[in-house]
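Results of the structural survey
Listed here are the chains, written in short residue letters.
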Amino acid sequence: MKFNSQEFLIHTIATLIQPSNTIAVGVLSPIPGSAALLSQQLSKQTKKKVFILGSSNPKFKTNHGVEIFDLAGQGRIDSFFLSGGQIDGIANINLTGIGPYPKQHTRWSGAFGSAYLYFLIPQVILFREKHNREVLVESVDFISAPGSSPKDTYRTGGPTHLVTNLCVFDFNREEKQFYLRSIHPKHSLEEVLDNTGFNFRYSPNPAITRGPSDAVLEILRTEVSEEISEIYPEFAKKIWS
Amino acid sequence: MKFNSQEFLIHTIATLIQPSNTIAVGVLSPIPGSAALLSQQLSKQTKKKVFILGSSNPKFKTNHGVEIFDLAGQGRIDSFFLSGGQIDGIANINLTGIGPYPKQHTRWSGAFGSAYLYFLIPQVILFREKHNREVLVESVDFISAPGSSPKDTYRTGGPTHLVTNLCVFDFNREEKQFYLRSIHPKHSLEEVLDNTGFNFRYSPNPAITRGPSDAVLEILRTEVSEEISEIYPEFAKKIWS
Amino acid sequence: MIKETSYELAKEIPSGSKIAIFKDSSVPMTLGLNMIKSGITDLEIVTVPTGGLLVDLLIGSGCVTSVETSGVSLGEAGPAPCFTEAIKNGSITIKDSTCPAIYAGLQASEKGNPFMPLRGLLGSDILTHRNDIKEIDNPFLPKEKIVCLPTIKPDFAIFHAPLADRDGNIYVGIRQELRLLAHASANTLVTVEEVTNLNLLSDPKLAPGTIPAFYIGGVAVAKGGAKPLNLPHHYDSDFQQIARYAKLAKSEEGISEWITQNLIENNDAN
Amino acid sequence: MIKETSYELAKEIPSGSKIAIFKDSSVPMTLGLNMIKSGITDLEIVTVPTGGLLVDLLIGSGCVTSVETSGVSLGEAGPAPCFTEAIKNGSITIKDSTCPAIYAGLQASEKGNPFMPLRGLLGSDILTHRNDIKEIDNPFLPKEKIVCLPTIKPDFAIFHAPLADRDGNIYVGIRQELRLLAHASANTLVTVEEVTNLNLLSDPKLAPGTIPAFYIGGVAVAKGGAKPLNLPHHYDSDFQQIARYAKLAKSEEGISEWITQNLIENNDAN
């Protein structure tokens, strides 16, 4: 079956979080949210738990706004997603803005929970559809949350992957460096190199990101799309109607 | 009208807490509890709040066990009551036991909230019916909660009075000393001196503690006794039936 | 306790107050519009933990001097125009934070504690620019640095809830965050959809979702008091109206137009 | 998730576990009696924040090596005989505390924090004997000493509640402390009066008083599972039975007699 780019990315992310038992999804994250729900559908017997911030469905909701942060502090969340106005080569993310602080000439909304959750959730997947040199920079202008920390900092979590519209990177925490894991079909290594502002490791013949099987697409378009249209109605409409 | 010794003590304590807007009462404290409710009845127009730990009546109950301590921390409670297996001349209280710690030969239940609330509630009234030299000692064997603290300790609260079956003391925090405020009718200064293990200040002709008026007794035996019999049924039965 | 109008309730808040506003589903839009009408200025806003339409509107109306926040946006309707502009031109002081740090500051206030420790934040530029946040050695693991957040004690928490009773008890249901706001703040003012004659604390099914009147300084009925934002089980967000705000808020005249229209609509509902 | 019997649930708890027990109205007596039956030993008990009948019974049955508590008593039925005796003869380790300090330790665990600051305690002999509690300078007011309490993270929270659903969600109503216990503990085991087929989280009136199954490791039905203590809206305390315990608990044979009788009665109810 054919699939669109969102379905492809949902499947890509779902594959990365497949081993997780508990997945949390931030506000306004329909693609990671769909990936979490797909991953849940694909392993029904293991009873995965998915928390979706901003959902009013009690199945996905916490009782108190602080609970998701407490859960992370308790070590009960395996996977989470973050993005960035800028993301750099050592996985620092900038959700705050560009220019001398505080009167930044470009100001985004703010760090949200990143300056805490990035430290405490073992698998944080960075996700940004727009892969270009404005987003993927050598060094962020403002570190909303650092990609790594000195040894004496309490840190049980951090970045494991970066997923974009072009490719998937693994992040090596020891070396503090991204490794190209696979390139999405119809895109090239040259394109990735041209559009990435930071250095990363790669093999000359990178793997190609595998797309969803027909069986997975079927689940995505039935069970998952139904759940998602409750939480992100506009997104579901755009993709599946 | 005639009154019994419990009614007398309830009225005595109610008089001391009359200026308070918010009064908290610990577990198993029927006389202070009745005093708080009497004080509430005597100033209906000012809408006093009474919290009674262990009550299941939502009128007197907090939502969470920690709430009473949080309220004290927030400065929202004016008056509280503590007791002691031993109470000494500088208002230290011992709720823990006597003898070398931890294998004390006399062991009481424990400090409960005293080691916190004594620091934070402006008016803490010490109440112990049994006035003798075993209870009112020169120096407690174990300080469950200290009566005073050095200047650099954060302390917004502490002891203001000690009420017993014989008399009422004021506590002077500057001087760290009890002053005899009044002796209950039918008791004498000599009796108080004989039965008190610590030194205190007194005038040779001490005042006599005033008993409840007929109007107050009327309220105590109707509105208050009704409320109390819900919370402390055994106590109410003993006194008012 | 129960005021005649939201405007009367709004007038209880003096200029210069520190105000806590919860992020969603309980945003007191009618009360906020009436605060603007009352001419309030110099507010210090604490968003719990993030902010949206109301915070942007108060900034755009010149009522705000500082914002402590983990982020302000209009959600699906995009960036918050007045917030963004006010930061660029320096007309408000921004205290950037992260969600659990704002909760921790409020929880410190709830406990009457002078601070609250929290993992995370180390190495973030948020910390670089917040001199009021301290780093100490973890007393239980001396080689570990840990952040201590100062207590956040708002003068007022303001929110909108479905129901109050005559005594001033407030039903908030699963929105337990609002309990934290009420505990942490010196005073709490609430608008509600309606007032019931039954006592909310006396009903064992409603009591777990009820904030006792002890914490509440004033209540007013404001039907549709969160509109154009949502109130669960009552009404959904009006995306068109928020998108319209996003457009109009780019000019002063536009904001005035939007306020006038919504103030009339929200107050007329009562 | 739903076990056949309280005994099966009791067997989930290994000897040597650290167990949190809430002070009243939700005390899992049937579960506790079955823990004794299972031959459990070396428990570290944390009373939240104080303890009573169940704690005394576990001590008297030789299941306990240490108790962290703000106080143990049988309430109106007087001192806790086994607790008192065990302290006198040194057969248990006592960690004396004060109520808000126990809550603070659990709240630290709930947040994943290494400690929690708290006013009070300074100058108390409780502090003298607790080397695991630290004093630091308040980082925001350096001349002030302030106490930091270590995190309390129980292996198990155990309690009795009115209702569970098939998914393992637990209705606790206004007993919000039980939520803290579940958040702070690695695992939570619960007995309930009954199991309902409806989903507790889906009912907006019940959801505010419901702990999600996510925190719950096991559930068993135990009708009258708090007896002879009370469960609000279900049954009152049986003062005679508690007073009888107070008398019998002075000898080993007496305790055995009391346990046998109550174990049979409580288990037979199911």
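These figures come from a predicted structure and were not determined experimentally. Position labels on residues start from 1 in each chain and follow its written sequence. Labels follow written order: the first chain is A, the first ligand is 1, and so on. The model is predicted, so local features are restricted to residues of pLDDT at least 70 and side-chain atom pairs to those at 80 or more, both for listing and for counting; the totals for chains, interfaces and linings are taken over all residues. Side-chain metrics in this entry use all non-hydrogen atoms of the structure; hydrogen atoms and water are not considered.

Observations regarding the overall build of chain C
Stated precisely, the cut-off is as follows: Per the convention used, a helix needs a DSSP run of H or I reaching at least four residues, while a strand needs a run of E reaching at least two, with both numbered from the N terminus. Atoms counted for the radius of gyration: C-alpha only. Globule rule: 2.2 Å times residue count to the power 0.38. Each residue is placed in one exposure class: buried if its accessible area under a 1.4 Å probe, protein chains only, is under 20% of its type's maximum, exposed if it is over 50%, and partly exposed if it falls in between. In these tables, accessible area is a Shrake-Rupley quantity obtained with a 1.4 Å probe, and a residue counts as shielded only by the protein chains included in the view. Charge assignment in this entry is limited to Lys and Arg as positive and Asp and Glu as negative, and neither His nor the chain termini are counted. For charged residues, the charge sits on one atom: NZ in Lys, CZ in Arg, CG in Asp, CD in Glu.
Assigned secondary structure in chain C consists of nine helices and 13 strands. For a compact globule of 270 residues, the expected C-alpha radius of gyration is about 18 Å, and chain C comes in at 19 Å, within 12% of that figure. Within chain C, buried positions represent 65% of all 270 residues. Surface summary for chain C: the accessible area is close to 9,100 Å², and the carbon and sulfur share equals 49%. Each charge sign in chain C was given a centre, from 23 positive and 31 negative side chains, and these centres are 4 Å apart.

Looking at the overall build of chain A
Helix and strand content of chain A: seven helices and 13 strands. Projected onto the principal axes, the alpha-carbon positions of chain A cover approximately 45 × 45 × 35 Å. For chain A, the residues scored as buried account for 60% of the 241 residues in total. As displayed, chain A offers around 10,000 Å² of accessible surface, 51% of which is attributable to carbon and sulfur atoms.

Describing unusual backbone geometry
Going from Tyr101 of chain B to Pro102 of chain B, the amide bond is cis rather than trans, its omega being 5°. Within the secondary structure, Pro102 of chain B is located in the loop between strand S6 (97-98) and strand S7 (106-107). In this model, Val48 of chain D is joined to Pro49 of chain D through a cis peptide bond whose omega is -20°. Turning to its location among the elements, Pro49 of chain D is positioned in the loop between strand S3 (43-48) and helix H3 (53-60).

Observations concerning the packing of helix H1 (residues 5-16) of chain A against helix H6 (residues 214-231) of chain A
Each pair of packed helices gets described by two things: the angle between the helix axes and the distance between those axes. All names here are of chain A. How we decide: Fitted lines through C-alpha atoms serve as axes, helices being fitted only where they are in contact, and the angles separating the N-to-C directions of these axes extend from 0 to 180 degrees. If an angle is under 35 degrees, it is roughly parallel; if it is over 145, roughly antiparallel; if it lies from 65 to 115, roughly perpendicular; otherwise it is oblique. Every residue pair with non-hydrogen atoms within 4.5 Å of one another is taken to be in contact. Residue classes follow a fixed rule: Ala, Val, Leu, Ile, Met, Phe, Trp, Tyr, Cys and Pro count as nonpolar, while Asp, Glu, Lys and Arg count as charged, and any other residue, Gly among them, counts as polar.
Look at H1 against H6: their axes get within 11 Å of each other, and the N-to-C directions meet at 105°. Taken together, the axes of H1 and H6 lie roughly perpendicular to each other. Mapping the contact onto sequence places Glu7, Ile10 and His11 in H1 and Val216, Leu217, Leu220 and Arg221 in H6. For the contact of H1 with H6, a count of residues per class yields four nonpolar, one polar and two charged.

Structural notes on the sheet that holds strand S7 (residues 134-137) of chain D
Residue and element names in this part refer to chain D. Filter applied, for reference: Pairing between strands is defined by DSSP: at least two bridges between the two strands are required.
As summarised here, the arrangement of the three strands in space is S6-S8-S7, forming an open sheet in which the pairing is antiparallel. Two strands bound the open sheet, and with one partner strand each, they are strand S6 (115-118) and S7. Between one strand axis and the next, the sheet turns through 40° on average, direction left out of account. Taken together, the four bridges between S7 and strand S8 (residues 145-150) define a ladder with antiparallel strand orientation. Within S8, the position partnered with Asp137 by the bridge is Lys145. Each of S6 and S8 touches helix H5 (residues 99-111); the most contacted strand, S6, lies at about 145° to it.

Section: the domain arrangement of chain C
Put simply, the test is: In this entry, domain limits derive from an automatic or database-based domain assignment.
By the assigned domains, chain C splits into domain 1 (2-97 + 153-265) and domain 2 (115-150). If you average the C-alpha positions of domain 1 of chain C and of domain 2 of chain C, the two centres end up 30 Å apart.

Describing the environment of Gly147 of chain A
The topology assignment puts Gly147 of chain A in the loop between strand S9 (136-137) and strand S10 (159-163). Along the chain, Gly147 of chain A and Lys176 of chain A lie 29 residues apart, while their C-alpha atoms are 8.1 Å from each other.

Comments concerning the interface of chain C and chain A
Selection rule: Simply put, the buried area is the total loss of 1.4 Å probe accessible area from both parts when two parts are fitted together. Salt-bridge detection follows one rule: a side-chain nitrogen of Lys or Arg within 4 Å of a carboxyl oxygen of Asp or Glu. Polar contact criterion, stated in full: a pair of N or O atoms within 3.5 Å, where within protein one must be able to donate a hydrogen and the other to accept it, and residues adjacent in sequence count only if both atoms are side-chain atoms.
With 40 residues of chain C in contact, the opposing surface of chain A contributes 34 residues. Taken together, both faces of the contact between chain C and chain A bury some 3,100 Å²; the carbon and sulfur share is 63%. Here chain C and chain A share one salt bridge between them. Here Asp96 of chain C and Arg107 of chain A are joined by a salt bridge, their closest N and O atoms 2.8 Å apart. Taken together, the links from chain C to chain A amount to twelve residue pairs in polar contact (both at pLDDT 80 or more). Elements with a contribution of two residues or more to the side of chain C that touches chain A: helix H4 (81-88), strand S5 (93-96), helix H5 (99-111), helix H6 (125-128) and helix H7 (177-184) of chain C. Of the residues that constitute the side of chain C that touches chain A, the class distribution is 13 nonpolar, 16 polar and eleven charged.

Considering the nonpolar core
Under the convention used in this document: Among the buried residues, those of types Ala, Val, Leu, Ile, Met, Phe, Trp, Tyr and Cys that are joined through side-chain atoms within 4.5 Å form a nonpolar core.
Core analysis: the largest hydrophobic core is formed by 254 residues, its most contacted members being Ile170 of chain C together with Ile170 of chain D. Look past the residues within four positions of Ile170 of chain D in its chain and what remains in contact with it is Phe159, Ala161, Leu163, Ala164, Val190, Val192, Leu200, Gly209, Thr210, Ile211, Ile216 and Val219 of chain D. The next biggest cluster of nonpolar side chains, apart from the first, holds 33 residues, and it includes Phe8, Ile10, Leu220 and Phe235 of chain B.

Details of empty space enclosed by the protein
Formally: Here a cavity denotes a set of grid points, spaced 1 Å apart and computed over the protein atoms alone, in which a 1.4 Å probe fits but from which it cannot get out, and a pocket denotes an open set meeting protein on both sides within 12 Å along at least five of seven lines; residues with an atom within 4 Å of a point are reported as lining. Grid points are joined across faces, edges and corners, and a volume is the space filled by probe spheres set on the points.
Under the criterion given, the structure shown has six cavities of 30 Å³ or more. Approximately 540 Å³ is the volume found for the largest cavity. Forming the walls of the largest cavity are 26 residues, and the residues nearest its centre are His64 of chain A, His64 of chain B, Glu110 of chain C together with Gln107 and Glu110 of chain D. Of all the secondary-structure elements, those providing two or more residues to the lining of the largest cavity are helix H3 (67-74) of chain A, helix H3 (67-74) of chain B, H5 and H7 of chain C together with H5 and helix H7 (177-184) of chain D. Residues that form the lining of the largest cavity fall into these classes: six nonpolar, ten polar and ten charged.

Things to note about the interface of chain B and chain C
Taken together, the 13 residues of chain B in the interface contact 16 residues of chain C. For the pair chain B and chain C, the summed buried surface comes to about 1,200 Å²; carbon and sulfur atoms form 45% of the total. At the surface where chain B touches chain C, the tally comes to one salt bridge. Between the two partners, chain B and chain C, sit seven residue pairs in polar contact (both at pLDDT 80 or more). Contributions of two or more residues to the side of chain B that touches chain C are made by strand S2 (49-52) and H3 of chain B. If one sorts the elements of the side of chain B that touches chain C by residue count, H3 of chain B sits on top with five residues. Taken together, the residues that form the side of chain B that touches chain C break down as five nonpolar, four polar and four charged.

Here we look at the environment of Pro79 of chain D
All names here are of chain D. Among the structural elements, Pro79 can be located in the loop between strand S4 (64-69) and helix H4 (81-88). A relative accessible area of 62% places Pro79 in the exposed class. For the pair formed by Pro79 and Ala246, sequence separation is 167 residues and the distance between their alpha carbons is 8.0 Å. Residue contacts for Pro79: discarding those within four places in its chain leaves Leu74 and Thr84.

Concerning the sheet that holds strand S8 (residues 145-150) of chain C
All names here are of chain C. As summarised here, the arrangement of the three strands in space is S6-S8-S7, forming an open sheet in which the pairing is antiparallel. Each of the sheet's edge strands pairs with one partner strand only, and the pair in question is strand S6 (115-118) and strand S7 (134-137). The average angle at which neighbouring strand axes cross in this sheet is 40°, direction not considered. Set on the sheet, H5 makes contact with S6 and S8; between it and S6 the angle comes to about 145°.

As for the pairing of strand S10 (residues 159-163) of chain B
Along any regular strand the residues' side chains alternate between the sheet's two faces. Residues and elements named next belong to chain B. Within S10, five of the five residues are buried, which leaves the element mostly enclosed by the surrounding structure. In this sheet, S10 lies alongside strand S8 (residues 123-127) in parallel orientation, the contact comprising four bridges. Bridged to Val124 within S10 is Pro159. Here S10 pairs with strand S11 (residues 167-172) via three bridges, running antiparallel. Residue pairing across strands places Leu162 opposite Phe169, the latter belonging to S11.

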